[in-house]
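For reference, the chains in residue letters:
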Protein chains: 6
Amino acid sequence: MRALLLGRFQPFHKGHLKIVKDIAMDAEYLVIAIGSAQESHSLENPFTAGERYTMISKVLKAEGIENYFLVTMEDLHRYAAWVSHVVSQTPTFDVVYAHNPLSIRLFTEAGYKVVELELYEPEKCSGTEVRRRIIAGENWKELVPKEVAEIIEEVNGVERLQDLAERG
Amino acid sequence: MRALLLGRFQPFHKGHLKIVKDIAMDAEYLVIAIGSAQESHSLENPFTAGERYTMISKVLKAEGIENYFLVTMEDLHRYAAWVSHVVSQTPTFDVVYAHNPLSIRLFTEAGYKVVELELYEPEKCSGTEVRRRIIAGENWKELVPKEVAEIIEEVNGVERLQDLAERG
Amino acid sequence: MRALLLGRFQPFHKGHLKIVKDIAMDAEYLVIAIGSAQESHSLENPFTAGERYTMISKVLKAEGIENYFLVTMEDLHRYAAWVSHVVSQTPTFDVVYAHNPLSIRLFTEAGYKVVELELYEPEKCSGTEVRRRIIAGENWKELVPKEVAEIIEEVNGVERLQDLAERG
Amino acid sequence: MRALLLGRFQPFHKGHLKIVKDIAMDAEYLVIAIGSAQESHSLENPFTAGERYTMISKVLKAEGIENYFLVTMEDLHRYAAWVSHVVSQTPTFDVVYAHNPLSIRLFTEAGYKVVELELYEPEKCSGTEVRRRIIAGENWKELVPKEVAEIIEEVNGVERLQDLAERG
Amino acid sequence: MRALLLGRFQPFHKGHLKIVKDIAMDAEYLVIAIGSAQESHSLENPFTAGERYTMISKVLKAEGIENYFLVTMEDLHRYAAWVSHVVSQTPTFDVVYAHNPLSIRLFTEAGYKVVELELYEPEKCSGTEVRRRIIAGENWKELVPKEVAEIIEEVNGVERLQDLAERG
Amino acid sequence: MRALLLGRFQPFHKGHLKIVKDIAMDAEYLVIAIGSAQESHSLENPFTAGERYTMISKVLKAEGIENYFLVTMEDLHRYAAWVSHVVSQTPTFDVVYAHNPLSIRLFTEAGYKVVELELYEPEKCSGTEVRRRIIAGENWKELVPKEVAEIIEEVNGVERLQDLAERG
């Protein structure tokens, strides 16, 4: 099985890591597609594609996971052409793992096998919760792998999110 | 040194491989940016970003090179914002290797150290020559790593280029 | 009178049909412009431009209406140029029928005669209500011509909308 | 058979008409897709999508051809997503008629049956030749159906092309 | 000091004027950048870039302020490249005056000196309040310089906003 | 008369200055629209919109010309909507001065009075010739106002163009 995992990874958290580990164990390889690559510096999408790419690379290296490809993917804003766009930008895959209902539907209509991701402890393991805690000054580090926390601090991500939230 | 190598890699050939090996030996890591990612199926840009990503991954795995990051990069068509765009889409870098005069100029104006790539045997090691030979039915396989030749055949790349050339 | 009717037709319902019949009776011809043609697979815009085109064609054929032109129209996201864009994409017209306040205002400023559409039984004849009923599993078929119901079923439109609504 | 005919129709000429008549005779219906719909007022693409739509409608009405759908189609500039884009914008089809090598290749890779159009008397029946004659002040009217000639005159198409050619 | 003032100026009101006067007094010159230049005819952005440009020019002429440059700036929708885009579209500047948290953050990350604008009497001096009063038919003229009121009336701006608000 | 002058001004040369002086003398005011504002760092369009804006401002200040407005204008790539776009981005005008056949045609079709600019000494006063001389290391300064020469040197424009030309 060659798997595709779609996400925005704003940021990559422990729930994502668990999913990646589970899939990578079963798959020949896993293509991790960082969506909305053109976005950054917003409350929903604070980190650049490059920052997210670096986060995931460092975590997976630390975990010893090697059978994956990491790609960034800009939004197309034409959903009927989205599957073709993804296919053209990634190594080939035959199973799709996704959480977003739109992606699930589009890949299903295109005839792919799609696995709907169950969120692992959604009240804790979600990008929304990580971002909320960063803005609120609560303990967000426990929700992400330590390499992610390091990068967020390196790029002044806490200050960035808090600044954006001030009157956003 | 953390290096950035910019190219379109249409396709990745032995000249590219030599450059990558040289840089990877000296660098902490090398970011390989596949440009014009939105392009494919044209005489200048026959292969999709996903096909090019797969080519490079397979070759570097076979070569045992591990200290690199591979990213795809869409054209922005606003050159004054190009450097910022590249920076936002890639792991950080401090030296830029490029062949294209525009990239060289833009990164130079932005204050980066830029190394202008000397083409290694340009009459043989260029994407233009590889594509010409594919269309003409000449020996193109000697110009590319064998993993690249395999992928080109898997995706019917010879037929694709010859069809596009017919009356293009 | 050569009329333009602007709408998104998500989907084409009995209220639309009544409007088309009324205009077509008075007009030399009616240009029906399917707006937001690039949209599909969302809760607001579930159907592709091609699906909407097919719906309208089939209904009007069944109704024996022939004096119309059917065009699809992508959003421009520059309202000051919208009228020029519409004019460039359609057969000529001199009266505009629209419901959307933006279209009404833009064509009025451009000097066109504009007729503001009164919704016929708005609590029943609106795309919003049709989509709500499809998602809720209520009786939506009574709101649309039977050719539209057939196409929605052919393209698995009920499943599509319900899937998109699940956690949208 | 439900056929798709792709073209820019700048303008629709007698060669196009012959093709349409041949296909319409065999097909359940024919989808005529007017490509590069966003283009106009250039030497290659002098006529707007609306003008081209009107030309084709009038000619086919005069010919008594009824089993066709006429759609306009903007360029996507992402060839790997082009087939999906076309499919999303048109009634369904199963055979593609095209002259352009890119379209032929893309629909072939997508698994469609593709018929490569032989140009009928290419030295006379081509948009390039019609435009050349208009600019040169030669006899262009013999190359197009009379409804097309009428529309070109109505929109001052001769003057438009000659003006654009002056120093273009 | 060469200052940049960023805003949408929908419309230019007395609070803006006070800010411009304060900055212009201290600065060698002031670059006034009219953002979201592609927007118009919406409740948030009723006036075209051209109308906003004219408003500001007339007011500053009446005020006798001469040391300013006025530019229009389209949105880029790629925040990581926004600073480069602004820099490329304006005369050079070294201090940025802004109210929007995103602009403040982006220019801060890029190393600029940024002055966060305090709104002067925000309950009265805000574009939101001016637009609300126009729609509600309340006294909006007291909030804007008289040249702005004249232009809004010339372009039928009251009617435009009220029409857009009707069912927006 | 309120005039619009369209150009790319790559760079602003003595021919442009003569035209501006002639028009400004007759007009109530002159709107100078810097086209292709998104372009820079290419052989055809070496200077950013901001650099071009600064050039023109400085020259006209030195000349004592005050009755003008200076705007930048991005390309729209939809010619049928171009006039509307220009109108929405500029103070109002009633006569158009242009050299480019496309602009002349589009504004003529839109019903504007258009004056076709005669080039003043075209072998010397053209952007093409200025750029050619800069690249060739010939005397280009005699072709441009001295403020333009100063800005080109400040932004290292000679080096920029020569670098871009090297293998472009």
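This text follows the structure it describes.
Keep in mind that this is a model prediction, so the values were computed, not measured.

Q: Before we go on, may I ask you to explain the side chain of Arg-78 of chain C in this structure?
A: Mapping Arg-78 of chain C onto the fold places it in the loop between strand E3 (68-72) and helix H3 (82-89). In contact with Arg-78 of chain C, other than residues within four places in its own chain, are Gln-38 and Glu-74 of chain E together with Leu-76 and His-85 of chain F.

Q: How should the relation of the copies chain B and chain A be read in this particular structure?
A: Look at the two chain copies: a rotation about an axis and a shift along it is all it takes to match them. Structural alignment of chain B on chain A gives an RMSD of 0.0 Å, achieved by rotating through 180° and translating 0.0 Å along the axis. Here the transformation between the copies is reduced to the relation of a two-fold axis. Interface overlap between copies: 100% of the residues of chain B at the interface are likewise at the interface in chain A, consistent with a symmetric, same-surface contact.

Q: Explain unusual backbone geometry here, please?
A: For residues besides glycine, phi is generally negative; the peptide bonds are generally trans as well. For the bond running from Gln-10 of chain C to Pro-11 of chain C, omega is -5°, close enough to zero to count as cis. Here Pro-11 of chain C shows up in the loop between strand E1 (2-7) and helix H1 (14-26). The residue Phe-9 of chain B is not glycine, and still its phi comes out positive at about 55°. The class for Phe-9 of chain B is buried, based on a relative accessible area of 3%. The phi dihedral of Ser-36 of chain E is positive, around 45°, even though this residue is not glycine. Relative to the elements of secondary structure, Ser-36 of chain E occurs in the loop between strand E2 (29-34) and helix H2 (49-63).

Q: Would you mind showing me how to read the packing of helix H1 (residues 14-26) of chain E against H2 of chain E here?
A: Each pair of packed helices can be described by the angle between their axes along with the distance between the axes. Residue and element names in this part refer to chain E. The N-to-C vectors of H1 and H2 enclose an angle of 55°; their axes lie 12 Å apart at closest approach. Between H1 and H2, the angle is such that the two are oblique. Our pair here, H1 against H2, has a crossing hand that is right-handed. Judged by residue contacts, Leu-17, Val-20 and Lys-21 of H1 engage Val-59, Leu-60 and Glu-63 from H2. Classifying every residue of the contact of H1 with H2 gives four nonpolar, no polar and two charged.

Q: Sorry if this is basic, but what is going on with the relation of the copies chain D and chain A here?
A: When chain D is fitted to chain A, the best match, at an RMSD of 0.0 Å, comes from turning it 180° and sliding it 0.0 Å along the axis. When you check the interface residues of chain D against chain A, 100% turn up at the interface there too, and the contact is symmetric in its surfaces.

Q: Whenever I open this one, helix H3 (residues 82-89) of chain B confuses me. Can you help?
A: Since the α-helix packs 3.6 residues into each turn, any two residues three or four apart lie on the same face. With seven of eight residues buried, H3 of chain B lies mostly within the body of the structure. Among the residues making up H3 of chain B, those that are buried are Trp-82, Val-83, Ser-84, His-85, Val-86, Ser-88 and Gln-89 of chain B. Lining the buried residues of H3 of chain B we find helix H2 (49-63) and strand E3 (68-72) of chain A, strand E1 (2-7), strand E3 (68-72) and helix H4 (101-109) of chain B together with helix H3 (82-89) of chain E.

Q: Just checking my understanding: could you explain the pattern of salt bridges for this structure?
A: Pairing is possible between side chains of opposite charge, provided their charged atoms come close. Tallying each qualifying case throughout the model produces 96 salt bridges over all chains. One salt bridge in this structure joins Asp-163 of chain F and Arg-105 of chain B, with 3.3 Å as the shortest N-O distance. Of this pair, Asp-163 of chain F sits in helix H7 (residues 157-165) while Arg-105 of chain B is found in helix H4, placing the two residues in two different chains. According to the relative accessible area criterion, Asp-163 of chain F is partly exposed, its value standing at 24%. On the basis of relative accessible area, Arg-105 of chain B is assigned to the buried category, the value being 3%.

Q: Where do I start with the packing of aromatic side chains in this structure?
A: Applying the stated rule across the entire model yields 36 aromatic pairs over all chains. Between Phe-69 of chain A and Tyr-53 of chain B the ring centres are 5.9 Å apart and the planes differ by 90°, which places this aromatic pair in the edge-to-face class. Pair noted here: Phe-69 of chain A is in strand E3 and Tyr-53 of chain B is in helix H2 (residues 49-63), and the two residues belong to different chains. Since its relative accessible area comes to 4%, Tyr-53 of chain B is described here as buried. Clustering of aromatic rings is evident, with ring pairs tying together Tyr-29 and Phe-69 of chain A together with Tyr-53 of chain B.

Q: How do you make sense of the pairing of strand E4 (residues 95-98) of chain A when you look at a structure like this?
A: Across a regular strand the side chains alternate sides, sitting on one face of the sheet and then on the other. Residue and element names in this part refer to chain A. Every second residue of E4 is oriented toward a common face, with Val-95 and Tyr-97 on one face and Val-96 and Ala-98 on the other, all of them buried. Relative to E4, strand E1 (residues 2-7) runs parallel, the two being bridged by three bridges. Looking across to E4, one finds that Leu-5 is bridged to Tyr-97. Inspection of the sheet shows E4 paired to strand E5 (residues 113-116) by four bridges, in the parallel sense. Residue Val-95 lies in a different strand from E5, and its bridge partner there is Lys-113. Regarding topology, helix H4 (residues 101-109) serves as the crossover connection from E4 to the parallel E5, and that connection is right-handed.

Cut-offs used in this document
Residues numbered from 1 in each chain as written. Chains lettered and ligands numbered in written order. Predicted model: local features only at pLDDT ≥ 70, side-chain atom pairs only at ≥ 80, totals over all residues. Heavy atoms only, no water. Helix = DSSP H or I, 4+ residues; strand = E, 2+ residues; numbered from the N terminus. Contact = heavy atoms within 4.5 Å. Least-squares fit on C-alpha atoms with pLDDT ≥ 70 in both. Buried < 20%, exposed > 50% of the residue type's maximum accessible area, 1.4 Å probe, protein only. Axes fitted to C-alpha atoms, helices over the stretch in contact; angles between N-to-C directions. Parallel < 35°, antiparallel > 145°, perpendicular 65-115°, else oblique. Left-handed = near helix turned anticlockwise from the far one by under 90°. Nonpolar A, V, L, I, M, F, W, Y, C, P; charged D, E, K, R; others polar. Salt bridge = Lys/Arg side-chain N within 4 Å of Asp/Glu carboxyl O. Phe/Tyr/Trp six-rings, centres within 6.5 Å; stacked < 30°, edge-to-face > 60°. Pairing = 2+ DSSP bridges. Right-handed = clockwise from strand over helix to strand, strands pointing away.

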